[in-house]
Amino acid sequence: MAKEKVKQMTGVFASAFAHAGHITKEEAKEISGLPDHEFEKAYDKAASISEKMMQAGGKKMDKFLEHFAEEIEEYMAHFGGKLFD
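Residues numbered from 1 in each chain as written. Predicted model: local features only at pLDDT ≥ 70, side-chain atom pairs only at ≥ 80, totals over all residues. Heavy atoms only, no water.

Novice: Quick rundown of the environment of Leu34? Include the residues and the values.
Specialist: With respect to the helices and strands, Leu34 occurs in the loop between helix H2 (25-32) and helix H3 (36-55). Between the alpha carbons of Leu34 and Thr10 there is a distance of 9.3 Å; along the sequence they are 24 residues apart. (Helix = DSSP H or I, 4+ residues; strand = E, 2+ residues; numbered from the N terminus.)

Novice: How would you sum up the nonpolar core? Please name residues and give values.
Specialist: Val12, Ala28, Phe39, Ile49, Phe64 and Phe68 are the most contacted members of the largest nonpolar core, which totals 16 residues. When contributions to this core are tallied by element, the ones reaching two or more residues are helix H1 (2-19), H3 and helix H4 (60-76). Those residues in contact with Phe39 that lie beyond four places of it in its chain are Gly11, Ser15, Lys25, Ala28, Lys29, Ser32 and Leu34. (Core = buried A, V, L, I, M, F, W, Y, C linked by side-chain atoms within 4.5 Å. Buried < 20%, exposed > 50% of the residue type's maximum accessible area, 1.4 Å probe, protein only. Contact = heavy atoms within 4.5 Å.)

Novice: For the layout of surface pockets, give the residues involved together with the corresponding values.
Specialist: Taken as a whole, the largest pocket holds about 210 Å³ of empty space. Forming the boundary of the largest pocket are Phe13, Ala16, Phe17, His19, Ala20, His22, Ser50, Met53, Met54, Lys60, Met61 and Phe64. Contributions of two or more residues to the lining of the largest pocket are made by H1, H3 and H4. The biggest single contributor to the lining of the largest pocket is H1, with four residues. Here the lining of the largest pocket is built from residues that sort into eight nonpolar, three polar and one charged. (1 Å grid on protein atoms, 1.4 Å probe; cavity = no way out; pocket = protein on both sides within 12 Å on 5 of 7 lines; lining within 4 Å. Points joined across faces, edges and corners; volume = space filled by probe spheres on them. Nonpolar A, V, L, I, M, F, W, Y, C, P; charged D, E, K, R; others polar.)

Novice: Describe the packing of aromatic side chains, with residues and values.
Specialist: Counted by the stated rule, this structure contains five aromatic pairs. Both rings, one in Phe13 and one in Phe17, keep their centres 5.2 Å apart while their planes meet at 70°; by these two values the pair is edge-to-face. Of this pair, Phe13 and Phe17 both sit in helix H1, four residues apart, which is roughly one turn of that helix. For the pair Phe13 and Phe68, a centre-to-centre distance of 5.4 Å together with 55° between the ring planes defines the contact as tilted. In this pair, Phe13 is assigned in helix H1 and Phe68 in helix H4, connecting sequence segments 55 residues apart. On the basis of relative accessibility, which here comes to 37%, the residue Phe13 falls in the partly exposed class. When the ring centre of Tyr43 is taken as origin, the NZ or CZ atom of Lys25, which lies over that ring, is 4.4 Å away. (Phe/Tyr/Trp six-rings, centres within 6.5 Å; stacked < 30°, edge-to-face > 60°. Lys NZ or Arg CZ within 6 Å of the ring centre and 35° of its normal.)

Novice: Give a description of the packing of H1 against H3 that names residues and reports values.
Specialist: Axis separation between H1 and H3 bottoms out at 8 Å; the angle between their running directions is 55°. One element, H1, and the other, H3, form an angle in the oblique class. You can see that H1 and H3 cross each other, and the crossing is right-handed. When H1 is examined against H3, the residues Gln8, Gly11, Val12, Ser15, Ala16, Ala18 and His19 are found in contact with a partner set consisting of Glu38, Phe39, Ala42, Tyr43, Lys45, Ala46, Ala47, Ile49 and Ser50. For the contact of H1 with H3, a count of residues per class yields nine nonpolar, five polar and two charged. (Axes fitted to C-alpha atoms, helices over the stretch in contact; angles between N-to-C directions. Parallel < 35°, antiparallel > 145°, perpendicular 65-115°, else oblique. Left-handed = near helix turned anticlockwise from the far one by under 90°.)

Honestly, it's all geometry; don't read function into it.
Written out as structure tokens, the structure is:
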């Protein structure tokens, strides 16, 4: 179960690079190692993060990390806590 959660988060992270134009969507999918339907969920989450980041003022990287951290905490809720407590 933990391995799948890490793969999903890797898919979200790699997809953020695809949304920014640094890699292709296919490359992000390859990096994630997820099946098509699971990758699409990760890709959609990255789209949401990217949209929030672009609308934010100030330092974009700080906003990206803030929103990505929220996604990590959501995934970690399945394990009963946070990644780093």
